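Structural features, examined
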Amino acid sequence: MSNRIKNVSSKVISNFWAKLEQVSFDFVFKNGKTERLTHEVYGKNDGVAVLLYNPSTKNVILSKQFRIPMYVAGVKNGFSIEVVGGAIDPSESPETSVIRETKEEVGYNINQLQKVATIFLSPGLMKEQVHLYVAAYKDEDKIEKGGGLASESEEIEVLETNFLDALQMIENEEIIDARTIMLLQYLQIHKLI
Ligand SMILES: Nc1nc2c(ncn2[C@@H]2O[C@H](COP(=O)(O)OP(=O)(O)O[C@H]3O[C@H](CO)[C@@H](O)[C@H](O)[C@@H]3O)[C@@H](O)[C@H]2O)c(=O)[nH]1
Ligand SMILES: [Mg+2]
């Protein structure tokens, strides 16, 4: 069963924000037959996402922003309710990236991160791995307005939401981002809030 993938080559189709490659490879099927396949692979740096939760007030911090892929899919006018997250800068560790994204997007200063999982969001298309975290916060940790970076044309609305209301938003399909659903359910399963 070893060495079933041979002669891998890649052609860059687009390299705008992230890279779209056409990857060709010989795939040896279980019956021993080899076929040359070409698949598209998309991705940039790996990503992070974090759900902030306040054990005292039972609130979580979510964000709302425009997502063009969602708009193109004809869903929710493109506005998505999500956890904090984004692409890791090349010089950063995942943890440093979470702390920076949290400040930029929602204005909180967090330091205690709890790792939940590393996931592929769409393994048939994307090579990006996303490192998921939860982090407890207090009201005093709010140090900036948040809202995203104007220099990157980000416009992020910060939503401080009761945890049970957030779970209800999964039920009624107001929240449809996979990372956000996973992390809300993680809090619920582990009774962290
Ligand atoms: N996605 C994307 N973003 C772009 C593009 N051009 C500019 N941007 C800008 O680049 C910034 C990316 O912000 P981040 O917070 O780093 O990323 P994100 O959009 O929140 O997260 C998305 O990408 C992550 C990294 O790949 C993913 O981890 C995450 O799941 C999500 O798809 C945003 O300001 C966005 O407007 C583009 O072609 N595509
Ligand atoms: Mg982001």
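Residues numbered from 1 in each chain as written. Chains lettered and ligands numbered in written order. Predicted model: local features only at pLDDT ≥ 70, side-chain atom pairs only at ≥ 80, totals over all residues. Heavy atoms only, no water.

**With respect to the coordination of the magnesium ion (ligand 2)**
Of the protein atoms, only Gly-85 (O) and Glu-105 (OE) coordinate the magnesium ion (ligand 2), at distances of 2.1 to 2.2 Å. Of the two residues, Gly-85 sits in strand β7 (residues 84–87) while Glu-105 sits in helix α2 (residues 94–106), which places them 20 residues apart along the sequence. Given the relative accessible area of 9%, Gly-85 is considered buried. (Donors = N, O, S within 2.8 Å, 3.2 Å for Na, K, Ca; no water. Helix = DSSP H or I, 4+ residues; strand = E, 2+ residues; numbered from the N terminus. Buried < 20%, exposed > 50% of the residue type's maximum accessible area, 1.4 Å probe, protein only.)

**Points about the environment of Val-116**
Along the chain, the position of Val-116 falls in strand β8 (residues 114–120). Separated by 75 residues in sequence, Val-116 and Val-41 have C-alpha atoms that sit 26 Å apart. Ignoring anything within four residues of it in the chain, the contact list for Val-116 reads Leu-132, Tyr-133, Val-134, Leu-183 and Tyr-186. (Contact = heavy atoms within 4.5 Å.)

**Some points on the sheet that holds strand β2 (residues 19–28)**
In sheet architecture, strand pairing relies on hydrogen bonds along the backbone and comes in two forms, parallel and antiparallel. Taken in spatial order, the three strands line up as β1-β2-β3 in an open sheet, and their pairing is antiparallel. Of all strands in the sheet, those bounded by a partner on one side alone are β1 (5–15) and β3 (34–43). Ignoring strand direction, the axes of neighbouring strands in this sheet form an average angle of 20 degrees. Here ten bridges tie β2 to β3, and the two strands are oriented antiparallel to one another. (Pairing = 2+ DSSP bridges. Axes fitted to C-alpha atoms, helices over the stretch in contact; angles between N-to-C directions.)

**Some points on the domain arrangement of the chain**
Entries for the chain in the domain assignment read domain 1 (5–43) and domain 2 (47–189). Using C-alpha coordinates to define each centre, domain 1 is positioned 31 Å away from domain 2. Taken together, the contact pairs six residues of domain 1 with five residues of domain 2. In this assembly, domain 1 packs against domain 2 so that about 420 Å² is buried in total across both faces, 57% of it on carbon and sulfur atoms. (Domains from an automatic or database assignment. Buried area = accessible area lost by both parts, 1.4 Å probe.)

**Focus on the side chain of Gln-65**
Positionally, Gln-65 belongs in strand β5 (residues 59–66). With relative accessibility at 7%, the residue Gln-65 sits in the buried group. Setting aside its immediate chain neighbours within four residues, Gln-65 contacts Gly-78, Phe-79, Ser-80, Glu-82, Glu-155 and Ile-156.

**So, the pattern of salt bridges**
On inspection of all chains with the given rule, the structure shows eleven salt bridges. Note that Glu-82 is salt-bridged to Arg-179, the shortest N-O span being 2.9 Å. On the criterion of sequence distance, the pair formed by Glu-82 in strand β6 (residues 79–82) and Arg-179 in helix α4 (residues 178–189) is long-range, its members being 97 residues apart. Here Glu-82 falls in the buried class, since its relative accessible area comes to 4%. Since its relative accessible area comes to 10%, Arg-179 is described here as buried. Via salt bridges that share partners, Asp-89, Glu-92, Arg-100, Glu-101 and Glu-104 belong to a single interconnected network. (Salt bridge = Lys/Arg side-chain N within 4 Å of Asp/Glu carboxyl O.)

**Here we look at the site of ligand 1**
By nearness alone, 15 residues border ligand 1, and Arg-67, Ala-87, Glu-105, Glu-128 and Glu-154 come closest of all. One of the backbone N or O atoms of Ala-87 is found 2.9 Å from an oxygen atom in ligand 1. Glu-101 is positioned with one of its side-chain polar atoms (N or O) 3.3 Å from an oxygen atom of ligand 1. Expressed as a share of its isolated accessible area of 710 Å², the protein-covered part of ligand 1 is 70%. More than half of the atoms belonging to ligand 1 lie within 2 Å of the grid points that define the largest pocket. Looking at the shell around ligand 1, the elements that each hand over two or more residues are β7 and α2. The residue makeup of the shell around ligand 1, split by class, is five nonpolar, three polar and seven charged. (Near = heavy atom within 4 Å. Polar contact = N/O pair within 3.5 Å; in protein donor to acceptor, adjacent residues only side chain to side chain. Areas by Shrake-Rupley, 256 points an atom, 1.4 Å probe, with all protein chains shown as cover. 1 Å grid on protein atoms, 1.4 Å probe; cavity = no way out; pocket = protein on both sides within 12 Å on 5 of 7 lines; lining within 4 Å. Sits in = over half its atoms within 2 Å of the grid points. Nonpolar A, V, L, I, M, F, W, Y, C, P; charged D, E, K, R; others polar.)

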